[in-house]
Amino acid sequence: MNSITFHKPVFILSCERSGSTMLRYIVDTHSKVACPSHLYLGSLCESLNRTLMGTIAQNQVELDEEGKQQFAVSEARKMICNIMDSYIKAKNKQIWCEKTPMNLEYLSVLDAHFPDAKYICLYRHCMDVVHSSINLSKFRFLPEHIPYVHRNPDSIIAAMAENWLEKTDKILMFESTHRERCFRVNYESIVMQPEKTLPRLFHFLGVEWEKGLMERVFQVSHDKGEGDGKAALSSRIRQDSVGKGIEVPRAGIPKKFITDINRLLGELGYPSLDAYYSNGIHSEINAENMPDISDIFENRFMNALKNNRYRYPDLKGIWKVIIKGNTDIFWVIDLSHQEATLKKGDHDSGTTVCFSATLLVDMINGTRDAIEAFSHGEIEIQGTDDKEALMNLGRLLFS
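Residues numbered from 1 in each chain as written. Predicted model: local features only at pLDDT ≥ 70, side-chain atom pairs only at ≥ 80, totals over all residues. Heavy atoms only, no water.

1. A closer look at the packing of aromatic side chains
Now for step 1: Across all of its chains, the model carries 11 aromatic pairs by this definition.
Now for step 2: Centre to centre, the rings of Trp96 and Phe114 are 5.9 Å apart; their planes meet at 80 degrees, and the pair counts as edge-to-face. One end of the pair, Trp96, is in strand E3 (residues 95–98); the other, Phe114, is in the loop between helix H4 (107–113) and strand E4 (118–123), and 18 residues separate them in sequence.
Now for step 3: Taking relative accessible area as the criterion, Trp96 reaches 0% and is therefore assigned buried. (Phe/Tyr/Trp six-rings, centres within 6.5 Å; stacked < 30°, edge-to-face > 60°. Helix = DSSP H or I, 4+ residues; strand = E, 2+ residues; numbered from the N terminus. Buried < 20%, exposed > 50% of the residue type's maximum accessible area, 1.4 Å probe, protein only.)

2. Section: the pairing of strand E8 (residues 341–344)
Now for step 1: Sheet topology note: the strand E7 (residues 329–334)/E8 ladder contains four bridges and is antiparallel. Residue pairing for E8: Trp331 is matched across the bridge by Lys344.
Now for step 2: Here E7 folds back onto E8, and the loop between the two strands holds six residues. (Pairing = 2+ DSSP bridges.)

3. Details of empty space enclosed by the protein
Now for step 1: Tallying each qualifying case throughout the model produces two cavities of 30 Å³ or more.
Now for step 2: Quantified by volume, the second largest cavity comes out at close to 40 Å³.
Now for step 3: Lining of the second largest cavity is provided by Cys15, Ser18, Leu122, Tyr123, Arg124, Trp164, Thr168, Ile171 and Leu268.
Now for step 4: Elements supplying a minimum of two residues to the lining of the second largest cavity: E4 and helix H7 (156–177).
Now for step 5: At three residues, H7 tops the list of elements feeding residues into the lining of the second largest cavity.
Now for step 6: Residues belonging to the lining of the second largest cavity are distributed by class as follows: six nonpolar, two polar and one charged. (1 Å grid on protein atoms, 1.4 Å probe; cavity = no way out; pocket = protein on both sides within 12 Å on 5 of 7 lines; lining within 4 Å. Points joined across faces, edges and corners; volume = space filled by probe spheres on them. Nonpolar A, V, L, I, M, F, W, Y, C, P; charged D, E, K, R; others polar.)

4. As for the environment of Thr259
Now for step 1: Within the secondary structure, Thr259 is located in helix H12 (residues 255–267).
Now for step 2: Residues Thr259 and Leu273, spaced 14 residues apart in sequence, show a C-alpha to C-alpha distance of 9.7 Å.

5. Focus on the packing of H7 against H12
Now for step 1: The interhelical angle for the contact between H7 and H12, taken along N-to-C directions, is 45 degrees, at an axis separation of 10 Å. With respect to their mutual orientation, H7 and H12 come out oblique. Where H7 crosses over H12, the two elements pack in a sense that is left-handed. Taken together, the residues of H12 that come into contact with H7 (itself represented by Ala158, Ala161, Glu162, Trp164, Leu165, Thr168, Asp169 and Leu172) are Phe257, Asp260, Ile261, Arg263, Leu264, Leu265 and Glu267.
Now for step 2: Grouping the amino acids of the contact of H7 with H12 by side-chain chemistry returns nine nonpolar, one polar and five charged. (Axes fitted to C-alpha atoms, helices over the stretch in contact; angles between N-to-C directions. Parallel < 35°, antiparallel > 145°, perpendicular 65-115°, else oblique. Left-handed = near helix turned anticlockwise from the far one by under 90°. Contact = heavy atoms within 4.5 Å.)

6. A closer look at the sheet that holds strand E1 (residues 10–13)
Now for step 1: Taken in spatial order, the five strands line up as E2-E3-E1-E4-E5 in an open sheet, and their pairing is parallel. At either end of the open sheet lies a strand with only one pairing partner, and these are strand E2 (33–34) and strand E5 (182–186).
Now for step 2: One ladder, built from two bridges, connects E1 with E3; its direction is parallel. Counted as the bridge partner of Phe11 is Glu98 from E3.

7. Focus on the sheet that holds strand E10 (residues 380–382)
The strands that make up a sheet pair up through hydrogen bonds in the backbone, lying either parallel or antiparallel.
Now for step 1: Read from one edge of the open sheet, five strands run E8-E7-E6-E9-E10, paired in mixed fashion. Strands at the two margins of the open sheet, each flanked by one partner only, are E8 and E10. The sheet shows a mean angle of 20 degrees between the axes of neighbouring strands, taken without regard to direction.
Now for step 2: Strand contacts of helix H17 (residues 387–398): strand E6 (318–324), E7, strand E9 (351–356) and E10, with the helix running at about 70 degrees to E6, the strand carrying the most contacts.

8. Side note on the pattern of salt bridges
Now for step 1: All told, the structure shown has 19 salt bridges when counted by the stated rule.
Now for step 2: Lys324 is the salt-bridge partner of Glu380, the closest N and O atoms lying 3.4 Å from each other. One end of the pair, Glu380, is in strand E10; the other, Lys324, is in strand E6, and 56 residues separate them in sequence.
Now for step 3: Using a relative accessible area of 41% as the deciding quantity, one classes Glu380 as partly exposed.
Now for step 4: The network of salt bridges with shared partners includes Asp111, Glu180 and Arg181. (Salt bridge = Lys/Arg side-chain N within 4 Å of Asp/Glu carboxyl O.)

9. Here we look at helix H5 (residues 126–137)
Now for step 1: The end-to-end C-alpha distance of H5 is 16 Å, a good match for the 16 Å that 12 residues give at a rise of 1.5 Å each.
Now for step 2: Here H5 lies mainly inside the structure; 12 of its 12 residues are buried.
Now for step 3: Regarding H5, the residues found buried are Cys126, Met127, Asp128, Val129, Val130, His131, Ser132, Ser133, Ile134, Asn135, Leu136 and Ser137. (Expected span 1.5 Å × (residues − 1).)

10. Concerning the nonpolar core
Now for step 1: Membership of the largest hydrophobic core comes to 59 residues, with the highest contact counts inside it found for Phe11, Leu13, Phe114, Met127, Val130, Trp164 and Ile261.
Now for step 2: If you tally residues by element for this core, the top one is H7, at 10 residues.
Now for step 3: Those residues within four positions of Leu13 in sequence are excluded, and the remaining contacts are Leu104, Leu107, Tyr119, Ile120, Cys121, Leu122, Ile171 and Phe174.
Now for step 4: The next biggest cluster of nonpolar side chains, apart from the first, holds 33 residues, and it includes Ile333, Val361, Leu396 and Leu397. (Core = buried A, V, L, I, M, F, W, Y, C linked by side-chain atoms within 4.5 Å.)

So this is what it looks like as structure tokens:
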């Protein structure tokens, strides 16, 4: 009988909207680590245990009830490790990492099945998580958010603040009892100081830091699946979302949550709510300093087309881009052939993309995200509903 090689697994623990998809892409870029999308391994362990306890564990007549439970846990682990070992073998990697946020509901289950696992505990400031969650909730609620909305039907701010509060407390409690197997990292440190922060993270995983890894994060292919759609369109690690929570009204945070929120913020090294709102800065683009739109197209986008066209050979068609302003500006991107062309003017096209000059500059400067703007109705599309093509166009132009 062939023996099964158990690789020490890694789990990313985080509240939703804390940057776990971005971290997944970073970890997955390493030559020795594979990090797929949400696998829900915590709930899978629980389901397998239920099935195993009701079937083959019952055949172990020599075992008492506790022995049968341990048998079920062992068999469930073998099944999951067989899948994951096959996965990383096909990827030619050595370690697998799982990032489902809902694993927080199954921490004791995961710990029982993988007592040797390592955990990356990812944190983000409460108000930035609340801001990101509220933006998403304009269009849909994550399943994980729904219980908190039910508890706080009159205030979406209260719902998302309580969500962060409970889940951050849960991660910190787990970290306090598993310190030797946990690595704490803040979202802000990853995006603001990646070269200082990430080598220590990979050292914790037992692999060497790879030079140039950050430049490859959005150039290599990552498996599709659930997660933050913004990461799929990004061409670099973005810093613009740090501090956006100041846009959430301070008065909207229920007083009953404030003491506990400040306690957790202090434990994580973040400023208190009062300090956050006192020192936060929200900048806007001054219209008088608006860059030349023609220069963006003739230089920035033309260079992007020349340098990156080969990455998207299946992206075809003629795309008209309308930049709205005092006077609308028209440009046409012709992707009918492998060598892309760009010309100014209102010409015939198959697909039209329309947005404001201010939004264009925001996206160039990295202070706005195309997916977020599209979801808010700030980018108008006519002529196609091919979301993959739209995302690839964004990657092509803004990488």
